[in-house]
Amino acid sequence: MDSEREDFRLSGPLHLTIVDWKNAHHRRSVVASLVRGVGILERDRQVKRRGSQALATPWWEFFHFQLHRQLVDDEDSSIFGAIYEFKPPESHYQNSVDERPCYVIAFRGTIIKPGSILRDLELDMSIIINRLHEKSRSETAIQAVRNVVATVGESNVWLAGHSLGTATALLAGKTMAKTGIFLQAFLFNPPFISAPIERIKDKRVKHGLRIVCSVMTAGFAFATKKNSRNSRSVDPFATLSAWIPFLFVNQGDAVCAEYIGYFKHRKKMYDIGIGAIGRLATKNSLGSVVLTAMGSRESEPLHLIPSANLIVNLTPCQEAHGISQWWRPDLPVKSKQYNYR
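Just so you know, these numbers come straight off a predicted model, no measurement behind them.

(A) Main features of the nonpolar core. Of all hydrophobic cores here, the largest spans 48 residues; its most connected members are Ile 105, Phe 107, Val 145, Tyr 259 and Phe 263. Looking at which element gives the most residues to this core, the answer is helix α7 (residues 164–177), with eight residues.

(B) Examining the pairing of strand β2 (residues 79–86) more closely. Counting buried residues along β2, eight of its eight residues qualify, which places the element largely inside the surrounding structure. Bridging between strand β1 (residues 65–72) and β2 involves seven bridges; their strand directions are antiparallel. Across the sheet, residue Gln 66 finds its bridge partner in β2, namely Glu 85. Taken together, β1 and the strand that follows it, β2, pair antiparallel across an intervening segment of six residues, in which Ser 77 is found at a positive phi of about 65 degrees.

(C) Summary view of the layout of surface pockets. Taken as a whole, the largest pocket encloses approximately 860 Å³ of empty space. If you trace the largest pocket, you find 30 residues lining it, with Arg 36, Gly 109, Thr 110, Ile 111 and His 162 closest to the centre. Put simply, the parts of the chain that give the lining of the largest pocket at least two residues each are α1 (2–6), α3 (24–47) and α5 (117–128). At four residues, the largest contribution of residues to the lining of the largest pocket is made by α3. Here the residues of the lining of the largest pocket sort into twelve nonpolar, nine polar and nine charged.

(D) The arrangement of empty space enclosed by the protein in detail. A complete count under the given rule lists two cavities of 30 Å³ or more for this structure. If you add up the space inside the second largest cavity, you get close to 30 Å³. Taken together, Ile 127, Asn 130, Ile 193, Leu 302 and His 303 make up the full set of residues lining the second largest cavity. Here the residues of the lining of the second largest cavity are counted per class, giving three nonpolar, two polar and no charged.

(E) Expanded view of the sheet that holds strand β4 (residues 157–162). The strand order across the open sheet built from eight strands is β1-β2-β3-β4-β5-β6-β7-β8, with neighbouring strands paired in mixed fashion. Single-partner strands in this sheet number two, and they are β1 and β8 (333–338). Mean inter-strand twist for the sheet, computed between neighbouring axes without regard to direction, equals 20 degrees. Pairing geometry for strand β6 (residues 246–250) and strand β7 (residues 308–313), over five bridges, is parallel.

(F) Examining the pattern of salt bridges more closely. If you walk through the whole model with that rule in mind, you get 15 salt bridges. Across the salt bridge formed by Asp 44 and Arg 49, the nearest N and O atoms sit 2.6 Å from each other. Looking at Asp 44, the relative accessible area reads 6%, which means it is buried. Between Asp 73 and Arg 137 there is a salt bridge; the shortest N-O distance is 2.7 Å. Residue Asp 73 is found in the loop between β1 and β2, and its partner Arg 137 is found in helix α6 (residues 136–152); the two are separated by 64 residues along the sequence. When sorted by exposure, Asp 73 lands in the same class as Arg 137, which is buried. One connected set of salt bridges, linked through shared partners, spans Asp 73, Arg 108, Arg 119, Asp 120, Glu 122, Lys 135 and Arg 137.

(G) Highlighting a positive patch on the surface. A cluster of like positive charges, contributed by Lys 203, Lys 264, Lys 268, Lys 334 and Lys 336, occupies part of the molecular surface. For the positive patch, the secondary-structure elements that each account for two or more residues are α10 (258–271) and β8. Within the fold, Lys 264 resides in helix α10. With relative accessibility at 42%, the residue Lys 264 sits in the partly exposed group.

(H) Main features of the packing of aromatic side chains. Counting across every chain of the model gives 25 aromatic pairs. Taking 5.8 Å as the distance between ring centres and 75 degrees as the angle between the ring planes, the aromatic pair formed by Trp 21 and Trp 158 counts as edge-to-face. Of this pair, Trp 21 sits in the loop between α2 (8–11) and α3 while Trp 158 sits in strand β4, placing them 137 residues apart in sequence. Side by side, Trp 21 and Trp 158 carry an identical accessibility label, which is buried. Where Trp 158 meets Phe 186, the ring centres are 4.9 Å apart and the plane angle is 40 degrees; that geometry is what we call tilted. Within this pair, whereas Trp 158 is found in strand β4, its partner Phe 186 is found in strand β5 (residues 184–188), the two being separated by 28 residues in sequence. Of the two residues, Trp 158 and Phe 186, neither departs from the other in class, the shared state being buried. Ring pairs connect the aromatic residues Trp 21, Phe 65, Phe 86, Trp 158, Phe 186, Phe 188, Phe 246, Phe 248 and Trp 326, which therefore count as one cluster. Taking NZ or CZ as reference, Lys 336 lies 5.6 Å from the ring centre of Tyr 338, over its face.

So, how was this worked out
Residues numbered from 1 in each chain as written. Predicted model: local features only at pLDDT ≥ 70, side-chain atom pairs only at ≥ 80, totals over all residues. Heavy atoms only, no water. Core = buried A, V, L, I, M, F, W, Y, C linked by side-chain atoms within 4.5 Å. Buried < 20%, exposed > 50% of the residue type's maximum accessible area, 1.4 Å probe, protein only. Helix = DSSP H or I, 4+ residues; strand = E, 2+ residues; numbered from the N terminus. Pairing = 2+ DSSP bridges. 1 Å grid on protein atoms, 1.4 Å probe; cavity = no way out; pocket = protein on both sides within 12 Å on 5 of 7 lines; lining within 4 Å. Points joined across faces, edges and corners; volume = space filled by probe spheres on them. Nonpolar A, V, L, I, M, F, W, Y, C, P; charged D, E, K, R; others polar. Axes fitted to C-alpha atoms, helices over the stretch in contact; angles between N-to-C directions. Salt bridge = Lys/Arg side-chain N within 4 Å of Asp/Glu carboxyl O. Patch = residues over 30% accessible without salt bridge, like charges linked within 9 Å, V, L, I, M, F, W, Y side chains within 5 Å. Areas by Shrake-Rupley, 256 points an atom, 1.4 Å probe, with all protein chains shown as cover. Lys, Arg positive; Asp, Glu negative; His and termini not counted. Charge placed at Lys NZ, Arg CZ, Asp CG, Glu CD. Phe/Tyr/Trp six-rings, centres within 6.5 Å; stacked < 30°, edge-to-face > 60°. Lys NZ or Arg CZ within 6 Å of the ring centre and 35° of its normal.

The following block contains the structure:
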């Protein structure tokens with residue numbers, strides 16, 4: 001069963017024989033396939049599939065990408081990322097080629113298999129406690145992104161990831177954005193660390209609970225910043241606001257669904273006249289400010305971002321957290337761009 005799902009001929013978007021890079025569905029499908037390719041690379045390594053038995057290659061070659069470099073975790077030697085280079089034949093050059101990337105740097109999600117499970121779960125836990133930036137895998141990823149950007153320029157590089165890999169891509173993207181480099185980013189099922197408020201069916205209860213949480217978060221944040229000796233005059237959240245990544249979430253996925261309410265609620269706070277509270281709450285998590293108040297090292301919440309193109313899959317499906325949903329040809333989605341102000 002696993003091998004069938006890993007086989008591009010059985011599970012991949014074979015309908016995309018010609019890619020129109022101006023088409024949002026095409027871009028999403030190709031990039032999701034490249035992310036999937038990283039996971040299959042690691043699975044090939046784990047089960048020792050080599051040569052004609054390996055399954056990873058079609059996930060990128062079908063779209064005329066070449067594997068430029070594998071990114072390997074120095075703790076467990078697992079393949080967690082890949083740098084792809086777009087190398088289309090001359091016959092495939094069209095007007096839309098100007099919209100395509102030259103390089104895509106992709107990061108896989110968690111693989112619950114021997115050979116990667118322990119390290120991946122360790123990193124999943126580091127996301128929850130907001131310490132992913134301290135891990136060596138993150139350092140390797142960020143340095144790889146810096147090197148490619150320095151070589152080919154920011155306009156030629158896209159970032160992508162799924163789940164754990166999205167957290168890695170998000171960290172790399174935010175790091176680059178703070179230096180004024182805004183990379184195109186495709187973030188599938190990004191983890192949002194929060195109570196599952198979005199699952200509450202009653203809209204009035206949900207909205208009221210979000211207001212209470214925002215007031216509490218803003219209050220704690222204000223008190224913490226006021227007493228902090230390291231209070232910064234420059235708002236790093238505002239610095240990031242010009243970076244607008246694509247966030248792909250499924251409303252039935254508990255891992256990422258809170259992004260829907262996160263952005264909607266921020267707008268509602270402005271609409272009811274308490275935008276200042278919403279602005280302070282939206283760049284702080286209640287957990288992080290409480291830990292800071294208790295003496296823990298201050299750290300910017302990774303999952304909170306000022307701006308995004310939010311794409312929501314409206315279809316309930318059994319695998320709401322899976323990557324394969326994003327290349328379905330009939331996928332109904334709702335898109336909205338949110339800008340920080």
